[in-house]
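# Examination of the molecular architecture
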Amino acid sequence: MVRFRGFQGALLFSRTNAYLSFLLIFLIVVFGIPCFAQTAQNPARLDVDLSDAPRHIFHAKLTLPVSAGALTLVYPKWIPGEHSPTGPIGDLVGLKISGGGREIPWRRDDVDMFAFHVDVPKSVNSLELSYDYVSPAENDRMREPPSSTAKLAILNWYMVTLYPQGPKTDDLVYVATLRLPPGWKYGTALPVAKDSGDVIEFAPVPLTTVIDSPVIAGACLRDIDLSPGETPPHTVHAVADGPAPLQATPTEVQHLRQLVAETGALFGARHYRRYDFLLTLSDRMPPDGVEHHESSDDRTEENYFLDSGLFERSELLSHEFTHSWNGKYRRPAGLATPDYQTPMKGDLLWVYEGLTQYYGVMLAARAGMMPMTIFREYLASTAAYLNDRPGRTWRDLQDTATAAQILYSLPPEWGSWRRSIDYYDEGTLVWLEADTIIRKKSGDKKSLDDFCRSFYGGANTPPKVVPYTFDDVVTALNQIQSYDWRGFFTTRLESHGPGAPLEGLDNSGWKLAFTDVQNEYEHIAEVADQEVELQFSLGLLLHAPGGEDGDHILDVIPNSPAAKAGLAPGMRVVAVNGRRWNPDMLRDAIARAKNSTEPIELLAQNGDFYQTYKLDYHGGERYPHLEPLNGKTDLLSEIAKMKAAAVPLPKTD
Ligand SMILES: [Zn+2]
């Protein structure tokens, strides 16, 4: 059962650690077995040089206090926020180790590729390690995303860190320093001890804090104060390949400030000393976001501030910010690991990511970042694609969370049959339903916001981790509103359909409906992602960047007209009804077929072969929207309306 998995894991985890700690102390006392020696008085020193970041190579030197004997050093494997063993070990190059003025040989473990064995000579009490991290220059789904362009860089310390195997990373003290290319500026939540202009030296902190505090840097960087004169400070550090994309409008700044105010109204407490949005605006990097306690690594389109459509459809900043409470402060027991080598368990990601997805869009709506029209279109699009997803028949929602570590890097091909990390979007539907149940049962006296305030709020604290189990979530919800929450979530997690859980929409006064007008949220996404969404008519999703070689089918929904005609992901559409294809022509063909009995003919290339596929479809274009339910209150607008005092429009920005 789901509720026992995390709980038993937590018990096993603490017992194992206790045994290991005892064994370690015993070995040290009796045999003088060496181990780490980093303490606040004698910290490790990690010097990182980003001078060559424009060439996509990060240089590092690590000075590590040690004692004589066998030592195992490890490179971070399980990356927080990525929920997967994605540490880019293949891109760690040039490793040399020396001590006492001599080079010391190292040997990689023959099973664990992330571990290096060293014999420290008797007279040596400090090792010097030098190595490089080589960042991909272009996006490659199977590798770490690019970390630099010619004009900017994002330093995630795990890419350039080795540490002794064994102790908790909370107990290892590191002093990091950083050298940047001349003229570059930076932003980070990592406390700075001194900044000489050439080199930034950070304060001694646990290795966990270093890894949790990436640095953004670039030739063009702009700071935007989101809580002027208030404590703790909130700042956007935006970098781009040039100055133009950094020009946020006063309205956008107002919305971002309102977002900070809305999180205060929702949670009632903050668990950070400062909060820094490290915002990369570059089309050279794939859109991405990774959460941290006191910051987030937010990567989005270069025109995020310049194209209101991109700003309005994005819940990136509100999502990652929400994680400071849900994911970093409160964390599922299976994800609260003591170091970066212990495997993570994703079974409660439907809370960690699902509730964050719900509040990510909800807070964006409350802050005015996402207009209500777009918010409803987002919900319609989400509900429709999940409702139509045949993968549900073999894989339940729980399995998408449990299997998270293998799902993030998989391609969209066959995605509707495979299912993906659906605990994000389906989490939105499930938590919306939970919200409406609390409101209904309490006679509108309570809501899911009360659960958030109770579970994630409390007193203001610096960063810390308070783990939770399934039972804790059920208990906390029952304290807000008595209900069979265990049964509710178990049903939602283990259901095989048919269809997605749409009761939350119904309870909030809306229903899913289809028209021939494109969904506005999907349309903005289509343009940004160069996709053509015909899932609800032909059963096709296409990638269409416009080039001869780039266009291809991303997915074909099983049992759809496209599937019945024989089309499959990976094929290239060449022509529609005998004429070279483009997205508008295909949409036009679908519309015309509505008044015809003739099939739509697609000429497609499958490897070296061409074939005409006949799609017997006459239902016209179909795109999802929300329609109000007659006689029902519009609870959705009530949930999404501004809760904090309105922040004024900045005078100049
Ligand atoms: Zn997330």
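Residue indices follow the written sequence of each chain, beginning from 1 at its first position. Predicted model: local features are reported for residues with pLDDT of at least 70 only, side-chain atom pairs are reported and counted for 80 or more only, and whole-chain, interface and lining totals are derived from all residues. As a rule here, side-chain values come from all non-hydrogen atoms in the structure, and water together with hydrogens is ignored.

## Details of the coordination of the zinc ion
As a reminder of what qualifies: Here a donor is any nitrogen, oxygen or sulfur atom (N, O, S) within 2.8 Å of the metal, with 3.2 Å used for Na, K and Ca; water is not among the atoms considered, so some sites may look incomplete. Classification of residues uses two cut-offs on accessible area relative to the type maximum, computed with a 1.4 Å probe and protein chains only: under 20% is buried, over 50% is exposed, and between them is partly exposed.
Within the first shell, the zinc ion binds the protein through His319 (NE2), His323 (NE2) and Glu353 (OE), at distances of 2.0 to 2.1 Å. Take His323: its relative accessible area is 0%, and that puts it in the buried class.

## Some details on the sheet that holds strand S20 (residues 288-291)
Keep this limit in mind: We treat two strands as partners when DSSP finds at least two bridges between them. Starting at the N terminus, helices and strands are each numbered in turn, a helix being any DSSP run of H or I of at least four residues and a strand any DSSP run of E of at least two. Every axis in this analysis is a line fitted to C-alpha atoms, fitted for helices over the stretch in contact. Angles between the N-to-C directions lie between 0 and 180 degrees.
Pairing is mixed across the open sheet formed by five strands, whose spatial order is S17-S18-S19-S21-S20. Every other strand in the sheet has two partners, leaving strand S17 (220-225) and S20 as the edge strands with one partner each. With strand direction ignored, the average angle separating the axes of adjacent strands in the sheet is 15°.

## Regarding helix H12 (residues 425-441)
To keep things clear, this is the line we draw: In a helix, the anticipated span is given by 1.5 Å times the number of residues less one.
Spanning 17 residues, H12 covers 25 Å between terminal C-alpha atoms, matching the ideal 24 Å at 1.5 Å per step. Within H12, 15 of the 17 residues are buried, leaving the element largely enclosed by the surrounding structure. Gly443 occupies a position one or two residues after H12 and carries a positive phi of about 65°.

## Quick notes on the environment of Leu477
Defined as follows: Residue contacts are defined here by distance: any two heavy atoms, one from each residue, within 4.5 Å place the two residues in contact.
In this structure, Leu477 sits in helix H14 (residues 470-480). The spatial distance from the C-alpha of Leu477 to the C-alpha of Asp450 is 9.0 Å, given a sequence separation of 27 residues. Excluding its chain neighbours within four sequence positions, the residues that come into contact with Leu477 are Trp431, Ile438, Leu448, Phe451, Trp485 and Phe489.

## Brief notes about the environment of Asn156
The line we're drawing: What qualifies as a polar contact is a pair of N or O atoms within 3.5 Å, subject to a donor-acceptor requirement within protein and to the restriction that residues adjacent in sequence count only when both atoms come from side chains.
Among the structural elements, Asn156 can be located in the loop between strand S9 (152-155) and strand S10 (163-164). A C-alpha to C-alpha distance of 6.8 Å links Asn156 and Val215, two positions 59 residues apart in sequence. Ignoring sequence-local partners within four residues, the contact set of Asn156 consists of Pro214, His292, Asp297 and Arg299. There is a polar contact of 3.3 Å between the side chain of Asn156 and the side chain of Asp297.

## Description of the nonpolar core
For the record, the criterion: By convention a nonpolar core is built from buried Ala, Val, Leu, Ile, Met, Phe, Trp, Tyr and Cys residues, the set being connected through side-chain atoms within 4.5 Å.
By size, the foremost hydrophobic cluster in this structure holds 93 residues, and its most contacted members are Trp431, Phe451 and Phe489. In terms of residue count, helix H8 (residues 372-387) provides more of this core than any other element does, nine residues in total. For Phe451, the contacting residues outside a window of four places in its chain are Leu355, Tyr456, Val473, Ala476, Leu477 and Ile480. Counting residues in each nonpolar core, the second largest holds 54 residues, with Ile89, Leu172, Tyr174 and Ala176 among its members.

## Describing the packing of aromatic side chains
Threshold: Each Phe, Tyr or Trp ring, with Trp reduced to its six-membered ring, pairs with another whose centre is within 6.5 Å; inter-plane angles below 30 degrees give stacked pairs, above 60 give edge-to-face pairs, and intermediate values give tilted ones. Geometrically, a lysine NZ or arginine CZ counts as sitting over a ring once it is within 6 Å of the ring centre and also within 35 degrees of the ring normal.
Tallied over the entire structure, the rule returns 35 aromatic pairs. Taken together, a centroid distance of 4.9 Å and an interplanar angle of 65° make the contact between Tyr275 and Phe277 edge-to-face. In this structure Tyr275 comes out as buried when scored by relative accessible area, which is 0%. According to the relative accessible area criterion, Phe277 is buried, its value standing at 1%. The lysine or arginine in question, Arg330, covers the ring of Phe455, its NZ or CZ lying 4.1 Å from the ring centre. One Lys or Arg, Arg622, reaches over the ring of Phe514 and ends 4.2 Å from the middle of that ring.

## A look at unusual backbone geometry
The amide bond that connects Thr231 to the next residue, Pro232, takes the cis arrangement and shows omega of -5°. Positionally, Pro232 belongs in the loop between S17 and strand S18 (234-240). Phi is positive for Trp414, which is not a glycine, with a value near 65°. Looking at the secondary structure, you find Trp414 in the loop between helix H10 (404-407) and helix H11 (415-418). Phi at Arg419 takes a positive value of approximately 70°, unusual for a residue other than glycine. Here Arg419 lies in the loop between H11 and H12.

## Brief notes about the packing of H8 against helix H17 (residues 520-529)
What describes two packed helices is the angle between their axes and the distance between those same axes. Applied cut-off: These descriptions rest on fixed angle ranges, namely under 35 degrees for roughly parallel, over 145 for roughly antiparallel, 65 to 115 for roughly perpendicular, and the rest for oblique. By the convention adopted, Pro, Cys, Tyr, Trp, Phe, Met, Ile, Leu, Val and Ala count as nonpolar, Lys, Arg, Asp and Glu as charged, and the other residues, Gly among them, as polar.
With their axes 7 Å apart at the nearest point, H8 and H17 run at an angle of 85° to one another. Judged by the inter-axis angle, H8 sits roughly perpendicular to H17. For the pair H8 and H17, contact is made by Ile374, Glu377, Tyr378 and Ser381 and by Glu520, Tyr521, Glu522 and Ile524, respectively. A breakdown of the residues in the contact of H8 with H17 according to their chemical character gives four nonpolar, one polar and three charged.

## A look at the pattern of salt bridges
Rule in force here: One side-chain nitrogen of Lys or Arg within 4 Å of one carboxyl oxygen of Asp or Glu is enough to make a salt bridge.
In the structure shown here, the tally under the stated rule is 23 salt bridges. Glu201 serves as the salt-bridge partner of Arg45, at 4.0 Å between the closest nitrogen and oxygen. In this pair, Arg45 is assigned in strand S1 (residues 44-49) and Glu201 in strand S14 (residues 199-202), connecting sequence segments 156 residues apart. Note on Arg45: relative accessible area 32%, which makes it partly exposed. A relative accessible area of 21% means that Glu201 is categorised as partly exposed. With its nearest N and O atoms 2.8 Å apart, the salt bridge here joins Arg392 to Glu426.

## Structural notes on the confidence of the model for the chain
The line we're drawing: Known as pLDDT, the predictor's per-residue confidence is scaled from 0 to 100.
When pLDDT is averaged along the chain, the result is 92; 93% of the residues meet or exceed 70. The model gives residues 1-35 a pLDDT under 50, and that stretch makes 33 contacts with residues more than four places away or in other chains.

## What about the sheet that holds strand S6 (residues 106-108)?
Pairing between the strands of a sheet is mediated by backbone hydrogen bonds and can be parallel or antiparallel. Here four strands make up an open sheet; going across it, the order is S6-S7-S3-S10 and the pairing antiparallel. Among the strands making up the open sheet, the edge pair consists of S6 and S10. Two strands pair when backbone bridges link them, and strand S3 (residues 69-74) and S10 are joined in this way by two bridges, in the antiparallel orientation. By the bridge assignment for S10, Val74 is matched with Tyr163.

## A few points about helix H15 (residues 485-494)
Filter applied, for reference: The arc under discussion is defined with respect to the helix axis, by the directions toward the C-beta atoms.
Those residues of H15 not exposed but buried are Trp485, Phe488, Phe489, Arg492 and Leu493. Down the axis, H15 shows its buried residues gathered within 120° of arc, on one side only. Considering only its buried residues, H15 is in contact with helix H6 (349-352), helix H9 (397-402), H12, H14 and helix H16 (503-507).

## Examining the packing of helix H7 (residues 354-366) against H12
Their axes nearest at 7 Å, the elements H7 and H12 cross at an angle of 75°. Taken together, H7 and H12 sit at an angle that is classed as roughly perpendicular. From H7, Gly354, Leu355, Gln357, Tyr358, Tyr359 and Arg366 reach across to H12, where they touch Asp425, Gly427, Thr428, Trp431, Leu432, Asp435 and Arg439. Split into classes, the residues belonging to the contact of H7 with H12 amount to five nonpolar, four polar and four charged.

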